[in-house]
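Residue-level structural notes
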Amino acid sequence: MSSLVLSVEELTVRYFTRRGVVYAVENVSFSASQRDFVALVGESGSGKSTLGYALLKLVPPPGRILGKRVVIDGVDILKLEGEELRRARGSLISMVFQDPFATLDPVRRVGDQIAEVMVEHGVALEEARKRVAELLEAVNLPAHIASSYPHQLSGGQRQRVSIAAAIALNPKVLVADEPTTALDVIVQRQIMDLLDDIRRRTNMVVLLITHDIALASERASKIAVMYAGRIVEYGSKSDVIEKPLHPYTRGLLSSVPDIERAEWPRPIPGLPPDLRSPQRGCAFKPRCPHAMEVCDKLPPLLDVGGGHFVSCWLYSS
Ligand code: ATP
Ligand code: SF4
Ligand code: MG
């Protein structure tokens, strides 16, 4: 049995903007064990990135984390401040973003940037430089790339560099927020292979944030489906993809073109709700073909068996 690494308990994040409160993440709980590849899927604006940032206690203002716990390897990240928090970012959890340009400094050589991550965490410069070569090898880049500047690299190479920096301190959890959205399909596949390979070799938990349920179902061992700031279904890939229960998950799966069965995609009608008002009942109700009166109340997230969780009144009484 692999051991529990990440435990998120009743996590809530809201943005207190001048135009009102955005209820971005509401009462989210889930857990992941060593080597889990968890995909967090949902439409744009469902709160995926906000949840990812909150795991590093990195939500930008006017966002505020309101509770409750994000425990990684026994440490509650939300309780950490200052130096302790800085150390946890990198050594317990780190993040890879959609646009590596946003995280890489354009005027510094990439090798120095990877080394700096380690030096900032107390690794001696010489040791850090040696490790840069190992890290570049781990992300399938030649050692001479270390002396390049970000603009001299392709999009795929830059993303590999940011992955090398993110895994430099062997974190327990790696959050990858749409890491391949800006890349072409072949490079996208290579980066996914790389994340999978790193997970296997290091026992890291990989949390892949994506709007693409087809991509999620190729790699993930577990899938969390997010709608309007809440997880509405969570479980093993085989449960969520082959036996989806939530009408939203079913809708997402039917909106993917199926070439083998020559089926046309059927997009989910309607739009996600505006998160600037609190959701009183099931947020999917206006788009749901099975909506009932009881759906005006918030359905609990229940384990329907074997760790397959769903939040829908069709499965609760
Ligand atoms: P996407 O797939 O488009 O990246 P997402 O699922 O990652 O979307 P988030 O970016 O987490 O969603 O946004 C969740 C909600 O929080 C949205 O309603 C968004 O408008 C709002 N939001 C995100 N960042 C901020 C911010 N800095 N200030 C105010 N509201 C924000
Ligand atoms: Fe549809 Fe009701 Fe289930 Fe929501 S709780 S998904 S509205 S059946
Ligand atoms: Mg996002």
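I will try to describe carefully the structure that is included in this document. (Residues numbered from 1 in each chain as written. Chains lettered and ligands numbered in written order. Predicted model: local features only at pLDDT ≥ 70, side-chain atom pairs only at ≥ 80, totals over all residues. Heavy atoms only, no water.)

1. Here's the deal with the packing of helix H4 (residues 110-119) against helix H5 (residues 125-138)
- Their axes nearest at 9 Å, the elements H4 and H5 cross at an angle of 125°. Relative to H5, the element H4 lies oblique. Considering how the two elements wind past one another, H4 and H5 form a crossing that is right-handed. Of the residues in H5, those touching H4 at Gly111, Ile114, Ala115, Met118 and Val119 are Leu125, Ala128, Arg131, Val132, Leu135 and Leu136.
- Here the contact of H4 with H5 is built from residues that sort into nine nonpolar, one polar and one charged. (Axes fitted to C-alpha atoms, helices over the stretch in contact; angles between N-to-C directions. Helix = DSSP H or I, 4+ residues; strand = E, 2+ residues; numbered from the N terminus. Parallel < 35°, antiparallel > 145°, perpendicular 65-115°, else oblique. Left-handed = near helix turned anticlockwise from the far one by under 90°. Contact = heavy atoms within 4.5 Å. Nonpolar A, V, L, I, M, F, W, Y, C, P; charged D, E, K, R; others polar.)

2. Structural notes on a nonpolar patch on the surface
- Residues Met292, Val294 and Leu314 make up a contiguous nonpolar surface patch of roughly 200 Å² in combined accessible area.
- The topology assignment puts Leu314 in the segment after strand E12 (309-310). (Patch = residues over 30% accessible without salt bridge, like charges linked within 9 Å, V, L, I, M, F, W, Y side chains within 5 Å. Areas by Shrake-Rupley, 256 points an atom, 1.4 Å probe, with all protein chains shown as cover. Salt bridge = Lys/Arg side-chain N within 4 Å of Asp/Glu carboxyl O.)

3. Here we look at unusual backbone geometry
- A cis amide bond, omega 10°, links Pro61 with the succeeding residue Pro62.
- Looking at where Pro62 falls in the secondary structure, it is placed in the loop between helix H1 (48-55) and strand E4 (63-72).
- For Arg35, which is not glycine, the phi torsion reads 70° and is therefore positive.
- Among the secondary structure elements, Arg35 is positioned in the loop between strand E2 (20-33) and strand E3 (37-41).
- Owing to a relative accessible area of 39%, Arg35 belongs among the partly exposed residues under this scheme. (Buried < 20%, exposed > 50% of the residue type's maximum accessible area, 1.4 Å probe, protein only.)

4. Section: the nonpolar core
- In terms of nonpolar packing, the biggest core is built from 57 residues, with Val41, Ile114, Met118, Val161, Ile163, Val225 and Tyr248 touching the most fellow members.
- Those residues within four positions of Val161 in sequence are excluded, and the remaining contacts are Leu104, Val110, Ile114, Leu141, Ile145 and Leu153.
- Counting 38 residues, the second-largest nonpolar core is a separate cluster that includes Val5, Leu11, Ile93 and Met226. (Core = buried A, V, L, I, M, F, W, Y, C linked by side-chain atoms within 4.5 Å.)

5. Remarks on the packing of aromatic side chains
- The final tally for this structure, using the stated rule, is five aromatic pairs.
- Centroid distance Tyr227 to Phe284: 5.2 Å. Interplanar angle 85°. Geometry classified as edge-to-face. Of this pair, Tyr227 sits in strand E9 (residues 222-227) while Phe284 sits in the loop between helix H10 (247-254) and strand E11 (302-303), and the two are 57 residues apart along the sequence.
- Given the relative accessible area of 3%, Tyr227 is considered buried.
- Classification of Phe284 by relative accessible area gives buried; the value is 2%.
- When the ring centre of Phe16 is taken as origin, the NZ or CZ atom of Arg64, which lies over that ring, is 4.4 Å away. (Phe/Tyr/Trp six-rings, centres within 6.5 Å; stacked < 30°, edge-to-face > 60°. Lys NZ or Arg CZ within 6 Å of the ring centre and 35° of its normal.)

6. Focus: the sheet that holds strand E5 (residues 75-76)
- With antiparallel pairing, four strands are arranged side by side in an open sheet as E2-E1-E4-E5. In this open sheet, the two strands that pair with only one neighbour each are E2 and E5.
- Both E4 and E5 contribute to a ladder of two bridges, which runs antiparallel. Across the sheet, residue Val71 finds its bridge partner in E5, namely Asp76.
- The sheet contacts of H1 involve strand E1 (4-17), E2 and E4, and relative to E1 the element is tilted by about 120°. (Pairing = 2+ DSSP bridges.)

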